[in-house]
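Single-letter residue listing:
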Amino acid sequence: MLTLLAIAVDGLIYASWLFMVAAGLTLIYGVMKILNMAHGSMFAIGAYTSAWIAGWYFAGGDVTWGYALMLGGAIAAGVLVGLVVERGLLRFLYGRDPVVMILLTYAVLLILEDVIKLVWGVDPYFAFQPYTLLGRTKVGPLTFSNYDFGVILVAAIIGVGLWWGLNRTRRGKLLLAVIHDREMSMALGIDVRAYFLLTFVIGSVLGCIAGAVTAPAISVAPGIGVEVIVLAFAVVVIGGLGSVGGALVGALIVGFSRATAVHLLPQVELFVIFGVMSLVLVVRPQGLFGRAQPRKI
Amino acid sequence: MATDRTLLGLTLALAALLLGVVVFPQWLTFLVMMSLARGLVVLGIVLQMRAGLVSFGQGLYYCIGGYTAAMLGSLYGVREVAVLIVAAILVSTLVALVLGTLLSRYRDIFFAMLSMAFSMILYGLLVKSPALGSTDGFNVPAMTFFGWKPEAQSTGVYILTCVLAFLIAAAYHRYQKSPAGYLAGAIRENEIRVEYLGSSAQSLLHCKYVIASVISAVGGLLSALATGHVDPEMAYWTTSGEFVFIAILGGTGHVAAPFIGSTLFSLVRTYAYQFFPYTWQMILGLVLLLIIVFLPRGLWSLVQRANSEKPRAADR
């Protein structure tokens, strides 16, 4: 029973974290048809920014604005990097083969990995103060960190925000049209390029936010982005590329299967994630919520 | 029969490299060994790339080849290279036949992602199971080469690598000149029309996947012998990413391109790592960007451009 509770809470925490990373990735794919490998770097940049801000701010003792500052810094970093990558590189290369775009973003990933090392050095950052300051909650013999519940809250806010933005605003509806059929949207006069920029920046910001809220719970060291990206891929592929709702379901599936594995059979942790992904792809090649694409003749 | 210039070139290259046993300093023999071994893995990627499939999980077979050798050597006391080669080929064929039934149904990004997932599964298994060496991996003990025991292990591995790379490269070259080889380009351009012409794209891709896997496994085996060590990193997705990088760098136009790309990559990485330890990935990334933008068909297209007075339609 206790194990079940632990699995449920851990799974939910892990799933909300995964959802934040995967939402940006799937949004970018849905609109731009680019599987963005550099998304892992966005995560890392967000994590570094927030850990770095937390490092000097919380050392001062006054904590009222610390959390907002961490999040704000990460968002600013996301906007900046998103703008630079889209304006500086991607916009010149739209319309190439999807596989070529993967390789391009792989190159961006390699470059950003070293930019991170140049900016923040190679030593790990430990920004644990924001994590410990919020205290703990005891549920029976189990102890959960309040910060982790905060992560779930942030993920929920992002999820609702995305849903509202896509379904209840004019821009969001146009964006859905672009996701659904890019050429038809162009024909109807939607400035698709402008939405590419908007989407890429939003996606990057989401990646950075995910990194920012994760930073206090981990040691921020070179290479975290590389680890994250394969997990995000698994989530997105399970849910169906381009579907935000799919990313949510994928995150929950992966989150709970990993939590189950960690508590019951830790040896198969990584195996489970990609095993589930393969299983889903075998049954539904386009993912749970993806639309099957007609083949062109 | 008209002389095949490629085959002639490969034979000459083999002769020159074998001469290197006595001439080359040790660092150069090691560089050649590693470049050839990793070039074989890249050749596997290129074989599939010609049919339009980019495998982000070729590390799977690189790892399988290496681990077959290392585990047979250190756990079961096998000391004969011939046994290892046969075992690596058998294991990789078996795995590829099974996974291929699934993977040959997928294209584009889905093929890339699913192949990556399989290689990550192997990584996850290896890292978490002490029986399979965990994160430490295995060492590869000294071997005999078809009964011959050389004074220095590296001499044997070097000769074996050169000969195997030559044989595989020659076979690959012949394969690309066969109907199945030519159909790769047709599948990449338009699969449905290939089916109208009466060939099954799926079974052809399955076949190519198995061939590519075996080639890559041999590459993994050779590099395990050369370095004397294997670890799970061989199956991690960044390793596969490196191989894709080399494939793009060299280009898919010619059998020599992956080997040239792999040699260049080893050189660039060695020096970049030495002189710019914190920015060598950035250098790799920039090179990759430049190649994709300006030389989408790889460095080999420079050679082709130089030979443009005799255009060869099949080379793409």
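Just so we're clear, the structure is a prediction, and the values are computed from it rather than from any experiment.

Here the focus is the overall build of chain A. Counting its secondary structure elements, chain A contains 12 helices and two strands. Secondary structure elements of chain A occur, N-terminal to C-terminal, as α-α-α-α-α-β-β-α-α-α-α-α-α-α. By the compact-globule yardstick of 19 Å for 297 residues, chain A fits well, its C-alpha radius of gyration being 19 Å. Each principal axis of the C-alpha atoms in chain A carries an extent, and together these give about 60 × 45 × 35 Å. Split into buried and exposed, the 297 residues of chain A put 51% on the buried side. Here the analysis covers contacts within chain A between residues at least 6 apart in sequence; of these, 78% occur between residues at least 24 apart.

The next thing to look at is the overall build of chain B. When its secondary structure is counted, chain B shows 13 helices and two strands. Computed over the C-alpha atoms, the radius of gyration of chain B is 19 Å, within 12% of the 20 Å expected from 2.2 N^0.38 for a compact globule of 316 residues. Projected onto the principal axes, the alpha-carbon positions of chain B cover approximately 50 × 45 × 45 Å. By the burial criterion, 48% of the 316 residues in chain B qualify as buried. Expressed as a percentage of contacts within chain B between residues at least 6 apart in sequence, the contacts between residues at least 24 apart total 80%.

The subject of this paragraph is the interface of chain B and chain A. Each partner contributes to the interface: chain B provides 36 residues, whereas chain A provides 37 residues. Taken together, the elements giving at least two residues each to the side of chain B that touches chain A come down to helix 5 (108–128), helix 10 (237–250) and helix 12 (280–294) of chain B. Examining the composition of the side of chain B that touches chain A, we find that 15 residues originate from one element, helix 5 of chain B, more than from any other. Classifying every residue of the side of chain B that touches chain A by side-chain character gives 26 nonpolar, seven polar and three charged.

This paragraph deals with the packing of helix 1 (residues 2–32) of chain A against helix 11 (residues 244–264) of chain A. Residues and elements named next belong to chain A. It is the contact of helix 1 with helix 11, at a shortest axis distance of 6 Å, that shows an interaxial angle of 145°. As for how helix 1 packs across helix 11, the hand of that crossing is right-handed. Along the lines of polarity and charge, the residues of the contact of helix 1 with helix 11 split into 19 nonpolar, eight polar and two charged.

Turning to the packing of helix 10 (residues 224–239) of chain A against helix 11 of chain A, a few remarks are in order. All names here are of chain A. Running from N to C, helix 10 and helix 11 cross one another at 120°; their axes reach a closest spacing of 7 Å. For the element pair helix 10 / helix 11, the angle class is oblique. Crossing of helix 10 over helix 11 shows right-handed handedness. In this structure, helix 10 contributes Ala234, Val235, Val236, Ile238 and Gly239 to the contact, and helix 11 contributes Gly246, Ala247, Val249, Gly250, Ala251, Ile253 and Val254.

Here we come to the pairing of strand 2 (residues 142–145) of chain A. Residue and element names in this part refer to chain A. Bridging between strand 1 (residues 136–139) and strand 2 involves four bridges; their strand directions are antiparallel. Paired with valine 139 across the strands is leucine 142, a residue of strand 2. Between strand 1 and the antiparallel strand that follows it, strand 2, lie two residues; glycine 140 among them carries a positive phi value of about 60°.

Another point: helix 6 (residues 146–168) of chain A. Two residues of an α-helix separated by three or four positions point the same way, owing to the 3.6 residues in each turn. Residues and elements named next belong to chain A. For helix 6, with 23 residues, the first-to-last C-alpha span of 32 Å sits near the 33 Å given by 1.5 Å per residue. Among the residues of helix 6, Tyr147, Asp148, Val151, Ala155 and Leu162 are the ones counted as buried. Looking at the buried residues of helix 6, the elements they touch are helix 1, helix 5 (129–133), strand 2, helix 9 (192–214) and helix 11.

So, about the environment of B:Thr279. Note on placement: B:Thr279 falls in the loop between helix 11 (256–275) and helix 12. Residue B:Thr279 is classed as partly exposed on the basis of its 18 C-beta neighbours within 10 Å. Between the C-alpha atoms of B:Thr279 and B:Tyr172, which are 107 residues apart in sequence, the distance is 36 Å. Residues within four places of B:Thr279 in sequence aside, it is in contact with A:Asp114 and A:Leu118.

Residue and element names in this part refer to chain A. Tracing the backbone shows valine 85 in helix 3 (residues 66–88). Since 22 C-beta atoms lie within 10 Å of it, valine 85 is described here as buried. Between the C-alpha atom of valine 85 and that of alanine 247, which follows or precedes it by 162 residues, the distance is 24 Å. The contact partners of valine 85, leaving out residues within four places of it in the chain, are Ala38, Leu90 and Val108.

Right, let's get into helix 10 of chain B. All names here are of chain B. The terminal C-alpha atoms of helix 10 lie 20 Å apart, and with 14 residues this matches the ideal 20 Å at 1.5 Å per residue to within 8%. Along helix 10, 13 of the 14 residues are buried, which leaves the element largely enclosed by surrounding structure. Glycine 251 sits one or two positions beyond helix 10 and adopts a positive phi of about 100°.

The next subject is the environment of A:Arg91. Relative to the helices and strands, A:Arg91 is located in the loop between helix 3 and helix 4 (98–120). Look at A:Arg91 and you get partly exposed, because 13 C-beta atoms sit within 10 Å.

Looking at chain B as a whole, its pLDDT mean stands at 86, while 96% of the residues score no less than 70. By mean pLDDT, helix 13 (residues 300–306) of chain B is the weakest element of chain B at 81, and helix 9 (residues 201–227) of chain B is the strongest at 93.

Moving on: unusual backbone geometry. With a phi angle near 60°, A:Lys33 is a residue other than glycine that sits in the positive phi range. If you trace the backbone, A:Lys33 turns up in the loop between helix 1 and helix 2 (39–58). One non-glycine residue, B:Asp108, lies in positive phi territory at about 50°. Along the chain, B:Asp108 turns up in helix 5.

Conventions adopted
In this convention, every chain numbers its residues from 1, walking through the sequence in written order. Chain A is the first chain written and ligand 1 is the first ligand written, with later ones labelled in order. Residue-level local features of this predicted model are given only where pLDDT is at least 70; pairs of side-chain atoms are given and counted only at 80 or more, and the full residue set underlies all totals for whole chains, interfaces and linings. By the criteria applied, helices consist of DSSP H or I runs no shorter than four residues and strands consist of E runs no shorter than two, each listed in order from the N terminus. To get the radius of gyration, use the C-alpha atoms; to get the globule rule, take the number of residues to the power 0.38 and multiply by 2.2 Å. Put plainly, a residue is buried at 20 or more neighbouring C-beta atoms within 10 Å of its own, exposed at 12 or fewer, and partly exposed in between, counting only other residues' C-beta atoms, which are placed from the backbone. By the criterion used throughout, residues are in contact when their C-beta atoms, derived from the backbone, lie within 7 Å. Classes in brief: Ala, Val, Leu, Ile, Met, Phe, Trp, Tyr, Cys and Pro nonpolar; Asp, Glu, Lys and Arg charged; the others, Gly included, polar. Interaxial angle, 0 to 180 degrees, is taken between N-to-C directions of lines fitted to C-alpha atoms, where a helix line uses only the stretch in contact. In this scheme the crossing of two helices becomes right-handed for a clockwise turn of the near helix relative to the far one and left-handed for an anticlockwise turn of less than a right angle. Any angle that falls under 35 degrees is termed roughly parallel, while one over 145 is termed roughly antiparallel, one within 65 to 115 roughly perpendicular, and all others oblique. Two strands are said to pair when DSSP picks up at least two bridges between them. Helix span, as expected, comes to 1.5 Å for every residue beyond the first. pLDDT expresses how confident the predictor is about each individual residue, on a scale running from 0 to 100.

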